[in-house]
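# Remarks on the overall topology
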Amino acid sequence: MSGTGAHTPGGAGPAHSRLGARFARLPLRSRLTLLTAAAVAVAVAVSALACWLLTRAQLRDEVDNSLQNVSVPAEYLQLTYPNCQPTDPTESKNAPPSYYNVQIVQVDGSRCVGPNSQPVRVQRADVGVAQGVERDTLHDAVTTNGTDVRVLTKHIGVQGVQFAVSISRPLTEVNSALNRLALLLAAVAGLGVVGAGTAGLTVARSGLKPVDRLTDAVEHVARTEDLAIRIPADGDDEIARLSRSFNSMTAALAASRDLQQQLIADAGHELRTPLTSLRTNIDLLVRSEQSGRPIPAADKEALLASVKAQMGELAALIGDLQELSRPPEPGHSAIAVVALHDVVGAALERARLRGPTLTFAADLHPWYVRAEPAGLERAVVNLLDNAVKFSPLGGTVEVRLAGGELTVRDHGPGIPQDELPHVFERFWRSPSARSLPGSGLGLSIVARTAQQAGGAVRLRSADLGGTEAVLTLPGAATPPPDVPGPGPGPQETGEPPPTP
């Protein structure tokens, strides 16, 4: 059973799809050439058609004007009127086509063909003029032998007799001229399309040279992984912008690869020292067991303590490396509104355990930020650990949070001015601190966390000695409506919290 709306395989739809698929598989140069040729062909065709129509209208206007200017003598009409017969006269069929044809049209539709004129078929408009319904009419008609003519019919009334006079002129010359013009325009259009295709191919080749250079560069990078290649980018056009973007991309990739290689080299160097020390201590313990010469208890306890410390150092280094190499969460799904004062309070509890001999003076005011909670807590812990590490026994660590600025100050030896620009570099450690435990990645993690949260961190020398770390994060003193505010309770200083 089939219906009128059934789909016919191989119809216009599938054929159009196949044609579009073939066009899409063509090279860009060929597509530009074809599109240019097609655009020029359409433009030339429209122009040629407009020219032909204008010329046709002009020639017909000249024919109409010539018909309007023709006057038929009364004597000629007197000779014509007796020729009114129900059948077409045969003696006038051989009249030359260049002559004007004259015939009288009566109210009943019969015609009277003048001498040396060809009979023209009477139309309803001619009868209407003869009957006085219309004054005159101008239209195309055909003679009985098939010649196209232009006819002007006028109304005449003589002594109560109503009739019309039709004056016609053959359109042979006009049609011949229009045919020659059509052939000429078709030839010009064909030459224009061929020339447009050639010009389009030339323009496509010259215009796509920068694209070819860019393609060669991309293929070279994909083949050799050479990111040092650069494409000349002159001008401000789209190709130049694309070339500059490609150069910026390769430069960024090269810098990223260099940083990655530097990170691997630095990590290998940092891992080598604790691994070597750990292997040495384990070798001593193994040799002691294999040789049967036990190590003194005090020395064995010191070796085990050293092994445990080195394993902790390795674990901390690996954790820091994982933190630095961890990419941001897709879509920032881990970003949330975090109460920074609560994060600092929790970090202070951990810092007190690591520095039991130190005094922590804290002044925390409410501040809410948008950040990753785990990363933000690790950054604050790193700042406090850095202060604990460099504080003398019995010293004081001052912590203050106000207006989105977290300040952590220790009273240690401080950092020389020439070393301050390097403190946030990966694995960089001050010469005076290389004997202290640490991986050299803590401040790098702080800097990355601050950047991801839209803030900044800096270190500076304190006025009366020591170092002051300042972490600035954008936020607000009051939480958003959907986040609960701080509950009642004392601050770290024991004072009531200020009113936001």
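This text follows the structure it describes.
My aim in this report is to walk through the structure given alongside it, one point at a time.

About the criteria used
- Residues numbered from 1 in each chain as written.
- Predicted model: local features only at pLDDT ≥ 70, side-chain atom pairs only at ≥ 80, totals over all residues.
- Heavy atoms only, no water.
- Helix = DSSP H or I, 4+ residues; strand = E, 2+ residues; numbered from the N terminus.
- Buried < 20%, exposed > 50% of the residue type's maximum accessible area, 1.4 Å probe, protein only.
- Contact = heavy atoms within 4.5 Å.
- Lys, Arg positive; Asp, Glu negative; His and termini not counted.
- Salt bridge = Lys/Arg side-chain N within 4 Å of Asp/Glu carboxyl O.
- Polar contact = N/O pair within 3.5 Å; in protein donor to acceptor, adjacent residues only side chain to side chain.

## Comments concerning the environment of V193
By the secondary structure assignment, V193 is in helix α5 (residues 172-207). Since its relative accessible area comes to 27%, V193 is described here as partly exposed. Taking the C-alpha atoms as reference points, V193 and A39, 154 residues apart in sequence, are found 8.9 Å from one another. Residues in contact with V193, not counting those within four places in the same chain, are A37 and A41.

## Focus on the side chain of R409
Assignment of secondary structure puts R409 in strand β10 (residues 405-409). For the buried R409, which has no salt bridge, the nearest side chain bearing the opposite charge is E398, at an N-O separation of 4.4 Å. Apart from the residues within four sequence positions on either side, R409 is in contact with T396, V397, E398, A462, L464, G465, T467 and E468.

## Considering the environment of S166
With respect to the secondary-structure elements, S166 resides in strand β5 (residues 161-170). Classification of S166 as buried rests on a relative accessible area of 3%. With residues near it in sequence (within four places) discarded, S166 still touches N101, V102, Q103, V105, D126, V151, L152 and T153. There is a polar contact of 2.9 Å between the side chain of S166 and the side chain of T153.

## Let's talk about the pattern of salt bridges
Taken as a whole, this structure holds nine salt bridges when the rule is applied. The closest approach of N and O atoms between R400 and D363, which form a salt bridge, is 3.6 Å. Residue R400 is found in strand β9 (residues 396-402), and its partner D363 is found in strand β7 (residues 359-364); the two are separated by 37 residues along the sequence. Take R400: its relative accessible area is 46%, and that puts it in the partly exposed class. When salt bridges with common partners are traced through the structure, they connect R60, D64, D140 and R150 into a single cluster.

By themselves, these figures tell us nothing about what the structure is for.
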